[in-house]
Amino acid sequence: MLKLITGDTTEILLTKTALVKDPLSPEIQALLPQMIETMHKENGVGLAAPQIDKSLRLAVAEVDNQVYYFINPEITSYSQEKIVFEEGCLSLPGQFFPIIRSEEITLRYQNEKGLPKKMRATGFLAIVIQHEVDHLDGILIINRYKKQQKKSSIIL
Ligand SMILES: [Zn+2]
């Protein structure tokens, strides 16, 4: 079981990750099932590599009993339609923030076999993916929430 990294001032959680050079390397192939196991034990629906102390562009998720491996994910489009969801994070225990996200996204990534993939996601899966990709860019929900608040409090 991997150790979870927590805290909103923890540097690795605020740092943009490095691309995974070889998804088929023994290190990455060993890490993927360990990340799934850790996500299950912690009752999470997603887990990004910085949360287990690896600054790599890699995340896993499980939504509707389907497991996803996102290696080097890049969101390529965001819908104009937004949804708000009260999000929690394994790295910020006990904290919840209403986060505004796109209702639909498209992304490209490599799967656990290193194959390039494209997908469209909506609703809860889209929220989870945007949350995990934020982790890979060093953005925690507390900071995304603060940014949202700033935007909505502009006085004209
Ligand atoms: Zn999180």
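Residues numbered from 1 in each chain as written. Predicted model: local features only at pLDDT ≥ 70, side-chain atom pairs only at ≥ 80, totals over all residues. Heavy atoms only, no water.

Asks: Got a minute to help me understand the overall build of the protein chain in this structure?
Replies: Along the backbone of the protein chain there are three helices and seven strands. Sequence-ordered secondary structure for the protein chain, helices as α and strands as β, is α-β-β-β-β-β-β-β-α-α. Its C-alpha atoms give the protein chain a radius of gyration of 15 Å, near enough to 15 Å, the size a compact globule of 156 residues would have. With the C-alpha coordinates aligned to their principal axes, the bounding extent of the protein chain is approximately 55 × 30 × 30 Å. Within the span of the protein chain, comprising 156 residues, buried residues form 46% of the whole. The long-range share in the protein chain, meaning contacts at least 24 apart out of those at least 6 apart in sequence, stands at 65%. Carbon together with sulfur atoms contributes 53% to the accessible area of the protein chain, which is approximately 8,600 Å² in total. Mean positive and mean negative side-chain charge positions of the protein chain (18 and 19 charges, respectively) differ by 6 Å. (Helix = DSSP H or I, 4+ residues; strand = E, 2+ residues; numbered from the N terminus. Rg over C-alpha atoms; globule rule 2.2 N^0.38 Å. Buried < 20%, exposed > 50% of the residue type's maximum accessible area, 1.4 Å probe, protein only. Contact = heavy atoms within 4.5 Å. Areas by Shrake-Rupley, 256 points an atom, 1.4 Å probe, with all protein chains shown as cover. Lys, Arg positive; Asp, Glu negative; His and termini not counted. Charge placed at Lys NZ, Arg CZ, Asp CG, Glu CD.)

Asks: Help me out: how do you make sense of the pattern of salt bridges in this one?
Replies: Close approach of charged atoms allows side chains with opposite charge to pair. Applying the stated criterion across every chain yields a total of nine salt bridges. Sharing partners across several salt bridges, the network here consists of Lys 16, Arg 57, Glu 74 and Asp 137. (Salt bridge = Lys/Arg side-chain N within 4 Å of Asp/Glu carboxyl O.)

Asks: Looking at this structure, I do not really get the sheet that holds strand β6 (residues 104-110). What am I missing?
Replies: Two pairing modes exist for strands in a sheet, parallel and antiparallel, and in both the strands are linked by backbone hydrogen bonds. Sheet architecture is open: five strands sit in the order β1-β2-β3-β6-β7, paired in antiparallel fashion. Each of the sheet's edge strands pairs with one partner strand only, and the pair in question is β1 (46-48) and β7 (116-122). Strand after strand, the sheet turns through a mean of 40° between neighbouring axes, direction not considered. By the bridge criterion, seven bridges tie β6 to β7 in an arrangement that is antiparallel. Paired with Arg 108 across the bridge in β7 is Lys 118. Helix α1 (residues 26-41) contacts β1, β2 (58-63) and β3 (66-78) of the sheet and is inclined by roughly 40° relative to β2. The strands that helix α2 (residues 123-136) touches are β1, β2, β3, β6 and β7; relative to β7, the one it contacts most, it runs at about 125°. (Pairing = 2+ DSSP bridges. Axes fitted to C-alpha atoms, helices over the stretch in contact; angles between N-to-C directions.)

Asks: Please explain the packing of aromatic side chains as it appears in this structure.
Replies: By convention here, two paired aromatic rings are described through the distance between centres and the angle between planes. Here the structure, examined in full by the defined rule, presents four aromatic pairs. Aromatic rings pair up to connect Tyr 68, Phe 70 and Tyr 109 into one cluster. (Phe/Tyr/Trp six-rings, centres within 6.5 Å; stacked < 30°, edge-to-face > 60°.)

Keep in mind these values describe shape, not function.
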